[in-house]
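A closer look at the structure
So the chains spell out like this:
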Amino acid sequence: MPASAFKAKARPLHVKLTDDVASDTASEGNTVGELTLNPSSFNTGSYGWKGSKRITVELDDAEGGEKTKVQVMLT
């Protein structure tokens, strides 16, 4: 399939990130972030989806019992 045909037919993909490692369904767990991947062609001539987004994730602080916020870059 030519890259132009891929870009014309492919739809965006939506990724939902959760913090539940035991879950096998997207509807369970706390949502940490969401990302949309858009159809794209690359300089190499290949094609696929790409996207990026910066999110904030809260981590439990074992020493103080408080939460620490960290920045995460999704690509």
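What counts, and at which threshold
- Residues numbered from 1 in each chain as written.
- Predicted model: local features only at pLDDT ≥ 70, side-chain atom pairs only at ≥ 80, totals over all residues.
- Heavy atoms only, no water.
- Salt bridge = Lys/Arg side-chain N within 4 Å of Asp/Glu carboxyl O.
- Buried < 20%, exposed > 50% of the residue type's maximum accessible area, 1.4 Å probe, protein only.
- Pairing = 2+ DSSP bridges.
- Helix = DSSP H or I, 4+ residues; strand = E, 2+ residues; numbered from the N terminus.
- Axes fitted to C-alpha atoms, helices over the stretch in contact; angles between N-to-C directions.
- Phe/Tyr/Trp six-rings, centres within 6.5 Å; stacked < 30°, edge-to-face > 60°.

As a further point, take the pattern of salt bridges. Across all of its chains, the model carries one salt bridge by this definition. Measuring nitrogen to oxygen at the nearest pair gives 2.7 Å for the salt bridge that ties Lys-67 to Asp-60. In terms of burial, Lys-67 and Asp-60 fall into one category: exposed.

A separate point is the sheet that holds strand β3 (residues 47–50). Read across the open sheet, the three strands follow the order β1-β2-β3; overall the sheet is antiparallel. The outermost strands of the open sheet, each flanked by one partner alone, are β1 (13–18) and β3. Each strand axis lies, on average, 25 degrees off the axis of its neighbour in the sheet, ignoring direction. Taken together, the four bridges between strand β2 (residues 31–41) and β3 define a ladder with antiparallel strand orientation. Bridging from a neighbouring strand, Ser-41 pairs with Tyr-47 of β3.

As enumerated under the stated definition, the model contains two aromatic pairs in all. Ring centres of Phe-6 and Trp-49 lie 5.1 Å apart, and the angle between their planes is 80 degrees; on these two criteria the pair is classed as edge-to-face. Placement of the pair is Phe-6 in helix α1 (residues 3–9) and Trp-49 in strand β3, with a sequence separation of 43 residues. Overall, the relative accessible area of 8% leaves Phe-6 in the buried class. These aromatic residues form a ring-pair network of at least three members: Phe-6, Tyr-47 and Trp-49.

By themselves these figures say nothing about function.
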